[in-house]
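Residue-level structural notes
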Amino acid sequence: MNLNRKMTLLFGGIAVGTLVMLILISLYAFRSYSIASSTAHVRTAAEIVRVHLTESMIQGVIDKREQFLNRLIEVQGLRTARVVRSTHVNEQFGAGMNREMNADEIEKLVLADGQPRYEIRDEAGDSVFRGTIPFAASSRGTPNCLQCHKVSEGTVLGAVTMELSLTELKEKALTTVTWISVTMAMFAALSIVLARRLILPVGSTAQAVERAVQRALKGDFKGRVEKRTDDEIGQIASETNNLLTFLDDGLARISQRVVQLTGRTLRQDDNQLEVAIDMVNGLADASSFKQAIEEDETKAEIFDRFGRVLTEQFGVREFSIYETSGPKQLEPFMVDGVQGSPCRWCDPQILVRSDMCRAKRSGHTVDGLTQPGICYAFKQPDDTGETRRHYCVPIMQSGAVGSIVQLVVRESEAARFHAQVPYVNVYVREMAPVLEAKRLTETLRESSLRDAMTGLNNRRFLEEYVDTLVATARRRKIELAIMVLDIDYFKMVNDTYGHDAGDAVLKSLAAVLRTSVRASDMVIRFGGEEFLIVLQETEAENALRVAENIRATVADLKIQVGGAVLQKTISIGLAMFPEDSETFWQTVKFADVALYRAKDDGRNRVVRFRSEMWEGHADSY
Ligand SMILES: Nc1nc2c(ncn2[C@@H]2O[C@H](COP(=O)(O)OP(=O)(O)OP(=O)(O)O)[C@@H](O)[C@H]2O)c(=O)[nH]1
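Residues numbered from 1 in each chain as written. Predicted model: local features only at pLDDT ≥ 70, side-chain atom pairs only at ≥ 80, totals over all residues. Heavy atoms only, no water.

Keep this limit in mind: UniProt positions are given in the numbering used here, feature names are shortened, and annotations may be inferred rather than shown by experiment.
Under an unreviewed UniProt entry, the name given to the chain is diguanylate cyclase, and the source organism is Aromatoleum toluolicum. What the UniProt record of the chain gives under Catalytic activity (unreviewed entry) is the line "2 GTP = 3',3'-c-di-GMP + 2 diphosphate".

This is the structure we're talking about:
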């Protein structure tokens, strides 16, 4: 029920209640007044009758008393009047007129106890007031009762009964009450009309504010409240409008910014506020994600975290992350959340002909959600049941496509997921520079651990890797063979053919070393023209054979330098870990000692470390 209705009902209720009370009080007052005035009237008339009867007795004209009563009726406006006699009077003066002898019930009571009786009764539509007043014998005044009556003081001699019609009085009372009621009703109606006029702006402003708030709750702050008055109600309307304008402008500015950031387009029927909150939340989540991945160490950790976001936040469990691994190659880095899984959602041909991948070829997003069939390379496996749709986003790195994120959803969920796509894009956008930074860091780190000229790992790499190497060897209880080798008379090459020729010799030697050992073995440029080889899981005897093989291969190697062909030999020192020493670096030292022995013994040879080489000579190393 609105305010206007409530006010009308309240005022109406008060008015009707007041009116009813007024009528009741008026009627009661009129009744009391009627009874009081009629009683006084009857008492006065009774006293006149008593005086007249007393005087008539004294003057001996008591027989004329009937005429007197008739005249009294005319003069006093009485309806009836009659006198009844008590037995005392009858006994002294004999029976009176018939009418005076037949007392009714009320008159008998009055004659018996000397108390007056009054009553009001309805008689054929007429309201009649009846009073029966006793005449008690009194010695007061002259003449008085006891002059004729032989009775004692106070004896009831008779009673007079008179009736008055109250109809006229009643009609006047009703007319008066009616006028009062009509006046009151008009006054009340006027009050209600005025109150409604006063309340109307309050009610309609409240309704307008409610409507505007309802629209605001749906994210629409364009509702306005009409200002109807200049008082506090008008003030409420103005302030509400100011607030709505402020919120509308604020929301528009926020929406504009977040729309720019998310790339999400707003629809007319969207709840603008909820969408804005949604977008801000999405951006905040993406920002937290970015902070987290910045602290991740490797690209694998980043993609792993992104995979969890896809699953937990966007409900996408089927997806691929591809990486470019060559000019025309792609490599599936993660498929459906598992790293290293084979390609599942695309034709495997894209792995060797990456241009088949539309996202890789174009460098643009490929929206298979709204355009199914846009990419011929997308295919779903036979075991997946419901048809799938895809959405592929290329991640640009150093101006080219570095990775591709492929999201796969069921056809029935494509529309729902399409609304989420802007947020996925925000994540991808946040991830791209971090991936780029990680790639650069990894490249830098890679280069700091690698010798640029020969492409072999350097001494720093060995220093970083040695703990893992030793721990693995101890755990697997395997032996490591350590060879330190050096080109014989290398200085002569530089001196005779120049530094470039020396470099060429070093590169050729590095290539021979790399191909002479297993992939799991380590070839390191240890410094200058000195190299170090770690053979894993190799006993001393086999290691010696490998070393001898390397020595012989190098000795046979013909290196083309400018117009000349060079042939160089190498010397190799071999020591075994942990056979020769419990510490890795000590074993390296022992291999170095053996190398020196090989040089001393005439070069172009392999020397296995023996403990006596160290004893007594430790100081010279
Ligand atoms: N061209 C070139 N020369 C290098 C490089 N690193 C070290 N050298 C040279 O390698 C030579 C090493 O000479 P030495 O250590 O005296 O020994 P050697 O001439 O090989 O004789 P022995 O080792 O005793 O057989 C020095 O002349 C260094 O300048 C490099 O990267 N390129």
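From this point on, the discussion continues.
Points about the sheet that holds strand S10 (residues 400-410)
Quick note on the threshold: What makes two strands pair is DSSP finding at least two bridges between them. Put simply, DSSP marks the helices as runs of H or I at least four residues long and the strands as runs of E at least two long, and each gets a number from the N terminus on. We call two residues contacting when some pair of their heavy atoms lies within 4.5 Å. Note on geometry: axes are lines fitted to C-alpha atoms, helical ones only across the stretch in contact, with angles between N-to-C directions running from 0 to 180 degrees.
Spatial strand order, S7-S6-S5-S10-S9-S8: six strands in an open sheet with antiparallel pairing. Both edges of this open sheet fall to strand S7 (338-339) and strand S8 (366-367), since each of them pairs with a single strand only. Note that strand S5 (residues 318-324) and strand S6 (residues 330-335) share five bridges and pair antiparallel. By the bridge assignment, Glu-323 is partnered in S6 with Glu-331. The sheet contacts of helix H9 (residues 299-314) involve S5, S6, S7 and S10, and relative to S5 the element is tilted by about 155°. Seen against the sheet, helix H11 (residues 414-448) touches S8, strand S9 (388-397) and S10 and runs at an angle of roughly 25° to S9.

Considering the nonpolar core
Quick reminder of the rule: Joining through side-chain atoms within 4.5 Å is the link that ties buried Ala, Val, Leu, Ile, Met, Phe, Trp, Tyr and Cys residues into a set, and such a set is a nonpolar core. Throughout this description, buried means an accessible area under 20% of the type-specific maximum (1.4 Å probe, protein chains only), exposed means over 50%, and partly exposed covers the range between.
By size, the foremost hydrophobic cluster in this structure holds 37 residues, and its most contacted members are Phe-306, Phe-314, Leu-407, Phe-417 and Met-431. At the level of elements, helix H8 (272-294), H9, S5, S6, S9, S10 and H11 are the ones that each hand at least two residues to this core. Per element, the largest residue contribution to this core is twelve residues, and it comes from H11.

Thoughts on the packing of aromatic side chains
Note the cut-off: Note on aromatic pairs: the rings of Phe, Tyr and Trp (six-membered ring only in Trp) are paired at centre separations within 6.5 Å, and the planes decide the class, stacked below 30 degrees, edge-to-face beyond 60, tilted for the rest. The rule is short: NZ of Lys or CZ of Arg within 6 Å of the ring centre and within 35 degrees of the ring normal puts a charge over the ring.
Under the criterion given, the structure shown has ten aromatic pairs. Measuring from ring centre to ring centre gives 6.2 Å for Phe-289 and Phe-306, while their planes differ by 55°; the resulting arrangement is tilted. Residue Phe-289 is located in helix H8, and its partner Phe-306 is located in helix H9; the two are separated by 17 residues in the primary sequence. The pair Phe-289 / Phe-306 is uniform in exposure class, with both members buried. With 5.2 Å between their ring centres and 65° between their planes, Phe-590 and Trp-614 make a pair best called edge-to-face. One end of the pair, Phe-590, is in helix H16 (residues 584-600); the other, Trp-614, is in helix H17 (residues 611-614), with 24 residues separating them in the sequence. You can call Phe-590 buried: its relative accessible area is 7%. Against the face of Phe-526 rests Arg-459, its NZ or CZ located 4.3 Å from the ring centre.

Let's talk about the environment of Gly-125
In this structure, Gly-125 sits in the loop between strand S2 (117-123) and strand S3 (126-136). Along the sequence, Gly-125 and Thr-167 sit 42 residues apart, while their C-alpha atoms lie 8.6 Å from each other.

Focus on the site of the ligand
Our working definition: In this text, near means that some heavy atom of the residue lies within 4 Å of the molecule or strand in question. Distance and chemistry together define a polar contact, namely a pair of N or O atoms within 3.5 Å, with one atom able to donate a hydrogen and the other to accept it when in protein, and with adjacent residues in sequence counting only for side-chain atoms on both sides. Side-chain classes follow a simple rule in which Ala, Val, Leu, Ile, Met, Phe, Trp, Tyr, Cys and Pro form the nonpolar group, Asp, Glu, Lys and Arg form the charged group, and the remainder, Gly included, forms the polar group.
Near the ligand you find 16 residues, and of these Tyr-489, Lys-491, Asp-503, Arg-525 and Arg-603 are the closest. Taking Lys-491, its main chain carries an N or O atom lying 2.8 Å from an oxygen atom of the ligand. His-499 is positioned such that a nitrogen or oxygen atom in its backbone is 3.1 Å from a nitrogen atom of the ligand. Taken together, the elements giving at least two residues each to the shell around the ligand come down to strand S12 (480-487), helix H13 (490-497) and helix H14 (499-516). The dominant element in the shell around the ligand, judged by the number of residues it contributes, is H14, at four residues. For the shell around the ligand, the residue count by class is four nonpolar, four polar and eight charged.

Considerations on the confidence of the model for the chain
This is how it is decided: Here pLDDT means the predictor's own confidence in every residue, given as a number from 0 to 100.
On average, the chain scores 90 in pLDDT, and the residues at 70 or more come to 99%. Our summary of model confidence lists the complex with pTM equal to 0.55 and ipTM equal to 0.92.

Digging into the pairing of S12
Along S12, eight of the eight residues are buried, which leaves the element largely enclosed by surrounding structure. Side chains of S12 alternate between two faces, with Leu-480, Ile-482, Val-484 and Asp-486 and Ala-481, Met-483, Leu-485 and Ile-487 buried alike. As defined by bridge partners, S12 adjoins strand S14 (residues 530-536) across seven bridges and the pair is classed as antiparallel. Directly across from Leu-485, in S14, lies its bridge partner Phe-531. The pairing of S12 with strand S17 (residues 570-577) spans eight bridges and is antiparallel. Across the sheet, Val-484 pairs through a bridge with Gly-573, a residue of S17.

With respect to the pattern of salt bridges
Oppositely charged side chains can form a pair if their charged atoms are brought close together. Inclusion rule: Just to be clear on terms, a salt bridge is a Lys or Arg side-chain nitrogen sitting within 4 Å of an Asp or Glu carboxyl oxygen.
What the rule picks out here adds up to 46 salt bridges. Among the ionic pairs, Glu-100 bridges to Arg-85, the shortest N-O distance being 3.8 Å. Residue Glu-100 is found in helix H4 (residues 98-101), and its partner Arg-85 is found in strand S1 (residues 80-85); the two are separated by 15 residues along the sequence. Assigned by exposure class, Glu-100 and Arg-85 land together as buried.

Digging into the packing of H9 against H11
How we decide: An angle below 35 degrees is read as roughly parallel, one above 145 as roughly antiparallel, one from 65 to 115 as roughly perpendicular, and any other as oblique.
In contact at an axis separation of 10 Å, H9 and H11 are set at 170° when each is read in the N-to-C sense. Taken together, the axes of H9 and H11 are roughly antiparallel relative to one another. Here H9 contributes Lys-299, Ile-302, Phe-303, Phe-306, Val-309, Leu-310, Gln-313 and Phe-314 to the contact with H11, which in turn contributes Arg-416, Phe-417, Gln-420, Tyr-423, Val-424, Tyr-427, Val-428, Met-431, Val-434, Leu-435, Lys-438 and Glu-442. Residue composition of the contact of H9 with H11, grouped by class: 14 nonpolar, two polar and four charged.

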